[in-house]
Amino acid sequence: MKVGIIGVGNMGGAIAHALIKNGFELYLTTKSKDLEDFKGENVHIVGVKELTQKSDYIILAVKPHIYSVVVDEIRDHLREDTIVISIAAGQTIESLTNLLGKRKFILSMPNTPAMVGEGMSAICPSEKVTEEEIEDVKKIFSSFGKVSTLNSELFHGFGAACGSLPAYVYMFIEAVSDAAVLTGLKRDDAYKFVAQTVLGSAKMVLETQKHPGELKDMVTSPGGTTIEGVRALEGEGFRGTVIDAILAAEQKSKAMRKEQI
């Protein structure tokens, strides 16, 4: 399985490093970055035309504003059996069909934790993609986290909940750390302590498979400090504010899609 990546920026670079680590044969090209960090026995730094002709799967990881330009550049060089994987924000099954015609492609949405091998990605294949090819794409995405197949109509909600969520988590970590500093902890210690606690809490949800509410109740002793903090959060509309943020992101995603159509 030969994988080509066009655009080796933050996300494309993270994917490239993960695929190199997992033994994939890679073809890389980019116009804006030195690729010295990606050298390896199975890594080929090539031009767009060569990449297009030799890759079984091509990941388009370019910026949205040059997306159509790059597609125009590769369209006539694509092999009939090549699968094009789009990771660009704002693309849809409809827009990719308009750009690529009846070729095989995958609509996908990874998130930035892919950079540390803990991404959560969604994929949606076009009609002509076979089950075997879908499994191959899952292997690609599994190299940098978890992946699930979703109906394209659910991508708005997925993007709002998982694509945007890292930003909200970072805001939460920053806010908790600010409070910890206010209580006297050193800034560096605060970030380390809080980030590890968030990581461990998420891991407990995944590994225990307990309801988040049940895990929360395990921490909130009667009359204790945690339940007092929960009361303060609920008094300020914590849950409602989070829900509103996710719905706002979803509505923005839908609006962007209408603009494309």
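This structure is a prediction, so every number in the text was calculated from the model and none was measured. The residue numbers shown here count from 1 along each chain, following its written sequence. A pLDDT threshold of at least 70 governs which residues receive local features in this predicted model, and a stricter bar of 80 or more applies before side-chain atom pairs are shown or counted, although totals over entire chains, interfaces and linings include all residues. As a rule here, side-chain values cover all heavy atoms of the structure and leave hydrogens and water aside.

Participant: So what's going on with a nonpolar patch on the surface? Which residues, and what values?
Facilitator: A cluster of nonpolar side chains, namely Phe172, Val176, Leu233, Phe238 and Val242, defines an oily patch on the protein surface of about 390 Å² accessible area. Here a strand is any run of E in DSSP of at least two residues, a helix any run of H or I of at least four, and the numbering for each starts at the N terminus. Broken down by secondary-structure element, the contributors of at least two residues to the nonpolar patch are helix H7 (165-183) and helix H11 (238-260). Tracing the chain through its elements places Phe238 in helix H11. Under the relative-accessibility criterion, Phe238 is labelled partly exposed at 36%. Patch criteria: residues need more than 30% relative accessible area and no salt bridge. Like-charged residues are merged within 9 Å; nonpolar side chains of Val, Leu, Ile, Met, Phe, Trp and Tyr are merged within 5 Å. For accessible areas, the Shrake-Rupley method is used with a probe of radius 1.4 Å. Any residue's cover is judged against the shown protein chains and nothing else. The salt bridge definition used is simple: a Lys or Arg side-chain nitrogen within 4 Å of an Asp or Glu carboxyl oxygen. A simple rule labels every residue: compare its accessible area, found with a 1.4 Å probe on the protein chains alone, to the largest value its type can have, and call it buried under 20%, exposed over 50%, or partly exposed in between.

Participant: Quick one: what's the story with the side chain of Asn111, residue by residue and with numbers?
Facilitator: Take Asn111: it is sitting in the loop between strand E6 (105-109) and strand E7 (119-125). Its relative accessible area of 7% is what places Asn111 among the buried residues. A 3.5 Å cut-off defines polar contacts: any pair of N or O atoms within that distance qualifies, except that in protein one atom must be a possible hydrogen donor and the other a possible acceptor, and neighbouring residues in sequence count only when both atoms are side-chain atoms. A polar atom in the side chain of Asn111 sits 3.2 Å from the backbone oxygen of Cys162. Pairs of residues are marked as contacts when any of their non-hydrogen atoms sit within 4.5 Å. Not counting residues within four places of it along the chain, the set of residues in contact with Asn111 comprises Met11, Gly119, Met120, Cys162, Gly163 and Pro166.

Participant: Please set out the pattern of salt bridges residue by residue, giving values where relevant.
Facilitator: Evaluation of the coordinates by the stated rule reveals 13 salt bridges. The shortest N-O distance in the salt bridge between Arg79 and Asp56 comes to 2.8 Å. Residue Arg79 is found in the loop between helix H3 (67-74) and strand E5 (83-86), and its partner Asp56 is found in the loop between helix H2 (48-54) and strand E4 (57-60); the two are separated by 23 residues along the sequence. Note on Asp56: relative accessible area 23%, which makes it partly exposed. Where Lys104 meets Glu133, a salt bridge forms, and the shortest distance between an N and an O atom there is 3.0 Å. Pair noted here: Lys104 is in the loop between helix H4 (93-100) and E6 and Glu133 is in helix H5 (residues 131-142), with a separation of 29 residues, a long-range link. Grouping residues by exposure puts Lys104 and Glu133 together as buried. It is possible to trace a salt-bridge network through shared partners that takes in Asp56, Arg79 and Asp81.

Participant: Describe unusual backbone geometry, with residues and values.
Facilitator: Trans peptide bonds make up most of the peptide bonds, and negative phi angles are found at most residues other than glycine. In this model, Gln209 sits at a positive phi of 60 degrees, which is unusual for a non-glycine residue. For Gln209, a relative accessible area of 70% translates into the label exposed.

Participant: Describe the pairing of E5, listing the residues and the values that go with them.
Facilitator: Residues Ile83 and Ile85 line one face of E5 and the alternating positions Val84 and Ser86 line the opposite face, and both faces are buried. One ladder, built from 4 bridges, connects E4 with E5; its direction is parallel. Bridging from a neighbouring strand, Ile59 pairs with Ile85 of E5. Where E5 and E6 come together, 3 bridges link them in parallel fashion. The residue of E6 that forms the bridge with Ile85 is Ile106. When the strands point away from the viewer, a crossover counts as right-handed if the route from the first strand across the helix to the second turns clockwise. Considered for its hand, the β-α-β crossover made up of E5, H4 and E6 is right-handed. A pair of strands is considered paired only if DSSP assigns at least 2 bridges between the two.

Participant: Could you give an account of the sheet that holds strand E3 (residues 43-45), naming the residues involved and the relevant values?
Facilitator: Spatial strand order, E3-E2-E1-E4-E5-E6-E7-E8: 8 strands in an open sheet with mixed pairing. The sheet is open, and its two edges are formed by E3 and strand E8 (145-149), each paired on a single side. Taken pair by pair, the neighbouring strands of this sheet meet at an average axis angle of 25 degrees, ignoring direction. Helix axes use the C-alpha atoms of the stretch in contact, all axes being lines fitted to C-alpha atoms, and the angles between their N-to-C directions lie in the range 0 to 180 degrees. Against the sheet, helix H1 (residues 10-21) engages strand E1 (2-6), strand E2 (25-29), E3 and E4, with an angle of about 160 degrees to E1. Against the sheet, H4 contacts E5, E6 and E7, and its axis sits at roughly 140 degrees relative to E6.

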